[in-house]
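So you can see what is in the structure, the chains are spelled out below.
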Amino acid sequence: MKRILITGAAGFIGSHLCDRFIKEGYHVIGMDNLITGDIRNIEHLFHLEHFEFYHHDVTKFVHVPGKLDYILHFASPASPIDYLKIPIQTLKVGSLGTHNLLGLAKEKNARILIASTSEVYGDPLVHPQHEDYYGNVNTIGPRGVYDEAKRFQESITMAYHRFHGLETRIVRIFNTYGPRMRLNDGRVIPAFIGQALRGEDLTVFGDGKQTRSFCYITDQVEGIFRLLMSDYAAPINIGNPHEITIGDFAEEIIKLTGTSQKVIYKELPVDDPLQRKPDISKAKEILNWEPKVGRSEGMKKTYDYFKSLPEKELFKKEHKDFSTYTRM
Ligand code: UDP
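In the nomenclature of an unreviewed UniProt entry, the chain corresponds to UDP-glucuronate decarboxylase from the organism Kordia aestuariivivens. Under Pathway (unreviewed entry), UniProt gives the following word-for-word description of the chain: "Nucleotide-sugar biosynthesis; UDP-alpha-D-xylose biosynthesis; UDP-alpha-D-xylose from UDP-alpha-D-glucuronate: step 1/1." UniProt, in the comment section headed Subcellular location (unreviewed entry), describes the chain in these words: "Golgi apparatus, Golgi stack membrane".

Trainee: Please clarify how the site of the ligand should be interpreted in this entry.
Mentor: Among the 19 residues in the neighbourhood of the ligand, the closest are listed as Thr203, Phe205, Arg212, Asp272 and Arg276. Between an oxygen atom of the ligand and a side-chain N or O atom of Asn175, the distance comes to 2.8 Å. Surface burial for the ligand is 99%, taken as the share of its 520 Å² of free accessible area covered by protein chains. Those elements giving two or more residues to the shell around the ligand turn out to be helix H5 (188-198) and strand S8 (202-205). A class-by-class count of the residues in the shell around the ligand yields 9 nonpolar, 4 polar and 6 charged.

Trainee: Help me understand helix H6 (residues 217-229) in this model?
Mentor: Because an α-helix packs 3.6 residues into every turn, residues spaced three or four apart end up facing the same way. The terminal C-alpha atoms of H6 lie 18 Å apart, and with 13 residues this matches the ideal 18 Å at 1.5 Å per residue to within 8%. Those residues of H6 that sit buried are Ile217, Asp219, Gln220, Val221, Gly223, Ile224, Phe225, Leu227 and Leu228.

Conventions adopted
- Residues numbered from 1 in each chain as written.
- Predicted model: local features only at pLDDT ≥ 70, side-chain atom pairs only at ≥ 80, totals over all residues.
- Heavy atoms only, no water.
- UniProt positions renumbered as here; feature names shortened; annotations may be inferred.
- Near = heavy atom within 4 Å.
- Polar contact = N/O pair within 3.5 Å; in protein donor to acceptor, adjacent residues only side chain to side chain.
- Areas by Shrake-Rupley, 256 points an atom, 1.4 Å probe, with all protein chains shown as cover.
- Helix = DSSP H or I, 4+ residues; strand = E, 2+ residues; numbered from the N terminus.
- Nonpolar A, V, L, I, M, F, W, Y, C, P; charged D, E, K, R; others polar.
- Expected span 1.5 Å × (residues − 1).
- Buried < 20%, exposed > 50% of the residue type's maximum accessible area, 1.4 Å probe, protein only.

Structure, rendered in structure tokens:
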């Protein structure tokens, strides 16, 4: 039986990866320090013989007994508000955490896939973003702690690949959504749906002309799975190229939820990328992958998930004050 370690196992994407690898017949070892992850995302796996969970912070030495065939490094805060709340941890998990896991992969002779991000392109000056674009990142801005940690992560991963001959894979994840996103992490999809469910106005930042391209979680997981099984070591974009402005997206959410609330405008966060859309020609060619789930289908499932949460979750606000988000 193949054994896989998944860090960030209790997070949004990590928990779906645990499900997928259990389904594929793997022995799954989940690891998470639960700073931004939620144990409830993987509670349904605890009774399984082939699932284990380690409550551990990967920035500290990582020890896993026994053989390991694969490692997926998905531990990291992943919302702009989290970067402000826990900037040092964000830097450490992308840098020190990645170093520890590369060391573990080398020790176990395991193949490792690390989760990178479209944020390596920063506020991109090239559109859509192809893997060959080097990016436009503000090192010292509020997002810099995430962006630079992820850029370092890619560098050290390639160094282990070239210097130690380690089998490495790098996925550049573009905006991904679906059930198990954290309701109050401040990201646009949980924010808009949460506001609609609470009967609040929808907060569009800036003039709403900035664009994003949203990929449904099952498509993302399929892309990651195919990349892990491939023999391709350079970074690959996985995302849905269907681009929309945030203003138009707010209107879509109003229709989807049937809310009678309206859109209100707030200050645009510092370094908020103006446009983002993956060029997925590499993923198509190398992995024979492309997204299958359209936004209306994916958003309906996501809305159903948020609707099913207990009411007290809906009113639990982690981030009351957005002013810190825009300051600096
Ligand atoms: N956004 C918004 N209202 C919100 C939350 C986010 O208009 O309540 C905007 C945000 O400024 C950005 C886009 O939605 O332009 C996506 O933000 P998110 O935090 O989801 O992720 P990002 O893609 O910026 O990392």
